[in-house]
Amino acid sequence: MADVVTRFAPSPTGHLHLGHAHSALFAWHRAQEAGGRFLLRIEDIDLGRCRPEFEAAILEDLAWLGLTWEEPVRRQSERLADYEAVLDRLTDEGLLYPCFCTRKEIEAEVAASAAAPHGPEGPLYPGICRGRSRLEQARRIAEGAAYALRLDVAAAAGLVGPLTWEEKSQATVTAEPTSHGDVVLGRKDVRSSYHLAVTLDDADQGVTLVTRGEDLRPATDVHRLLQALLDLPVPVWQHHGLVFDDSGRRLAKRHDALSVRALRDGGKSPAEVRAMAGFPD
Ligand code: GLU
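Sequence order as written defines residue numbering, which begins from 1 separately in each chain. Per-residue local features of the predicted model are confined to residues with pLDDT of at least 70, and side-chain atom pairs are confined, for both listing and counting, to 80 or more; whole-chain, interface and lining totals are unaffected and use all residues. To obtain the side-chain values, all non-hydrogen atoms of the structure were included, while hydrogens and water were left out.

(A) Structural detail: the nonpolar core. Here, the term nonpolar core denotes a set of buried Ala, Val, Leu, Ile, Met, Phe, Trp, Tyr and Cys residues that are joined through side-chain atoms within 4.5 Å. Here the term buried applies to any residue with accessible area under 20% of the maximum for its type, exposed to any over 50%, and partly exposed to those in between, with areas from a 1.4 Å probe on protein chains only. In terms of nonpolar packing, the biggest core is built from 29 residues, with Leu 90, Leu 96, Leu 151, Leu 185, Leu 196, Leu 225 and Leu 229 touching the most fellow members. Elements that contribute at least two residues to this core include exactly helix H3 (80-92), strand S7 (148-151), helix H6 (153-160), helix H7 (194-204) and helix H8 (219-230). Numbering goes from the N terminus for both helices and strands, where a helix is a DSSP run of H or I of at least four residues and a strand is a run of E of at least two. The dominant element in this core, judged by the number of residues it contributes, is H8, at 5 residues. The contact definition used throughout considers only heavy atoms, calling two residues in contact when any of these lie within 4.5 Å. Setting aside anything within four residues of it in sequence, one finds Leu 225 in contact with Leu 151, Val 153, Ala 156, Ala 157, Val 160, Leu 163 and Pro 177. Listed in part, the 26 residues of the second largest apolar core include Leu 40, Trp 69, Leu 251 and Val 260.

(B) Structural view of unusual backbone geometry. Look at the link from Glu 71 to Pro 72: it is a cis peptide, with omega at -5 degrees. With respect to the helices and strands, Pro 72 occurs in the loop between helix H2 (52-64) and strand S3 (74-75). A positive phi angle, close to 60 degrees, is found at Ser 169, a residue other than glycine. Residue position: Ser 169 is located in the loop between strand S8 (164-166) and strand S9 (172-174). Even without being a glycine, Asp 231 presents a positive backbone phi close to 60 degrees. Assignment of secondary structure puts Asp 231 in the loop between H8 and strand S12 (236-240). For Asp 231, a relative accessible area of 71% gives the class exposed.

(C) A look at the pattern of salt bridges. The rule for a salt bridge is simple: a side-chain nitrogen of Lys or Arg has to be within 4 Å of a carboxyl oxygen of Asp or Glu. Counted under the stated rule, the structure contains 30 salt bridges. Close ionic contact of Glu 136 with Arg 132 constitutes a salt bridge, the shortest N to O distance being 3.3 Å. We classify Glu 136 as partly exposed; its relative accessible area is 23%. Each of Arg 74, Arg 79, Asp 82, Asp 201 and Asp 204 takes part in one network of salt bridges that share partners.

(D) Spotlight on the packing of aromatic side chains. Under the pairing criterion, centres of Phe, Tyr and Trp rings, with the six-membered ring standing for Trp, must be within 6.5 Å; the plane angle then separates stacked pairs below 30 degrees from edge-to-face pairs above 60, leaving the rest tilted. Counted according to the given criterion, the structure contains 2 aromatic pairs. Where Trp 165 meets Trp 237, the ring centres are 5.7 Å apart and the plane angle is 70 degrees; that geometry is what we call edge-to-face. With Trp 165 in strand S8 and Trp 237 in strand S12, this pair connects stretches of sequence that are 72 residues apart. The same class applies to Trp 165 as to Trp 237, namely buried. Counting as a charge over the ring demands two things of the Lys NZ or Arg CZ atom: a distance within 6 Å of the ring centre and an angle within 35 degrees of the ring normal. Arg 140 extends its terminal NZ or CZ atom over the ring of Phe 100, reaching a point 5.1 Å from the ring centre.

(E) Molecular detail of the pairing of S7. Neither face of S7 is exposed, since Ala 148 and Arg 150 on one face and Leu 149 and Leu 151 on the opposite face are all buried. In the sheet, strand S4 (residues 96-99) pairs with S7 via 4 bridges, with the strands oriented antiparallel. By the bridge assignment for S7, Leu 96 is matched with Leu 151. Any two strands are treated as partners once DSSP identifies two or more bridges connecting them. Of the strand pairs in this sheet, S7 and strand S10 (residues 184-186) are connected by 2 bridges, and their pairing is antiparallel.

(F) Structural detail: the site of the ligand. For each residue, the test is whether any non-hydrogen atom lies within 4 Å of the molecule or strand; if one does, the residue is near. Neighbouring the ligand are the residues Arg 7, Ala 9, Pro 10, Ser 11, Glu 43, Tyr 194, Val 198, Arg 212 and Leu 216. Ala 9 places a main-chain nitrogen or oxygen 2.7 Å from a nitrogen atom of the ligand. Glu 43 places a side-chain nitrogen or oxygen 2.6 Å from a nitrogen atom of the ligand. All accessible areas in this document rest on Shrake-Rupley with a 1.4 Å probe, and a residue is counted as covered only by the protein chains that are shown. Starting from 300 Å² of accessible surface for the ligand in isolation, the protein chains cover 77%. Any pair of N or O atoms that falls within 3.5 Å is considered a polar contact. Within protein, one atom must be able to donate a hydrogen and the other to accept it, and sequence-neighbouring residues count only if both atoms are side-chain atoms.

(G) Geometry of the sheet that holds strand S2 (residues 37-42). Taken in spatial order, the 3 strands of this open sheet run S1-S2-S3, and their pairing is parallel. For this open sheet the edge positions go to strand S1 (5-8) and S3, each flanked by a neighbour on one side alone. Two strands pair when backbone bridges link them, and S2 and S3 are joined in this way by 2 bridges, in the parallel orientation. Counted as the bridge partner of Ile 42 is Arg 75 from S3. In this description, a line fitted to the C-alpha atoms serves as the axis of each element, helices being fitted only across the stretch in contact, and the angle between N-to-C directions of two axes falls anywhere from 0 to 180 degrees. Contacts between H7 and the sheet are confined to S1, S2 and S3, with S2 contributing the most and set at about 145 degrees to the helix.

(H) Layout of the state of the cysteines. Cysteine sulfur atoms are paired as a disulfide whenever they come within 2.5 Å of each other. Applying the stated criterion across every chain yields a total of 0 disulfides. Free of any disulfide, Cys 101 has its nearest cysteine sulfur in Cys 129, 3.7 Å distant. Overall, Cys 101 belongs to the buried group, its relative accessible area being 7%. What makes Cys 129 buried here is its relative accessible area of 1%.

In structure tokens, the structure reads:
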């Protein structure tokens, strides 16, 4: 069997909490037990929310927890030209269209429709910009209107046919990319999106086992479609459980008291924090 390659891919928008520590340790252990490789990737395309000081803190906290990873650490902000090249290719293939809608316009359209279709992440994009003529698209772009690039998911899914994916040690899963509607592959502010960057980087870095929280399981539908469209290698996935606080709420950035940093400053040892994150020695 090919080498197992896993990764932890945090976004530096805050300090790592126990949920992130669980995710990092999970990926690290999967690589260790298979004699494979573990990568760390900084997912910092959200230029408005990501901060270099959070990135530095993430590296420090992970090292404190005892994790080791391969250098160099990849930063998605250094890969924007590669992502854009793929957007150009999909645009040439007629699979992307510019979407000029604001969040408000989308919400209003959804509210006005009696039975707006919903996907795993809420109401689907109602397709307002899908049918615009080339001429209108070009005119608006020439006028300087901001636009995202959306994937025509029905066209893309029709092109590649039915898809499945493999969840480690479980039955094969049928991918349902159309349940997400026309997802954004190029944001208005940066010519990439989570779906595009994560899929391209996992392929480019040779990741064979994608581990991440259950909350991201639905995204796998979209990533599987992108892999088929772009002829990328297909990894295996393993989605893991999430960490909850004492009142049953999923950990989030607001849980500062449960950040690795706060626990460390409060006198906990790395072994104690690893145990709190579900990995007792
Ligand atoms: N960057 C994503 C996050 O921090 C995780 C990406 C992934 O594992 O697919 O939520």
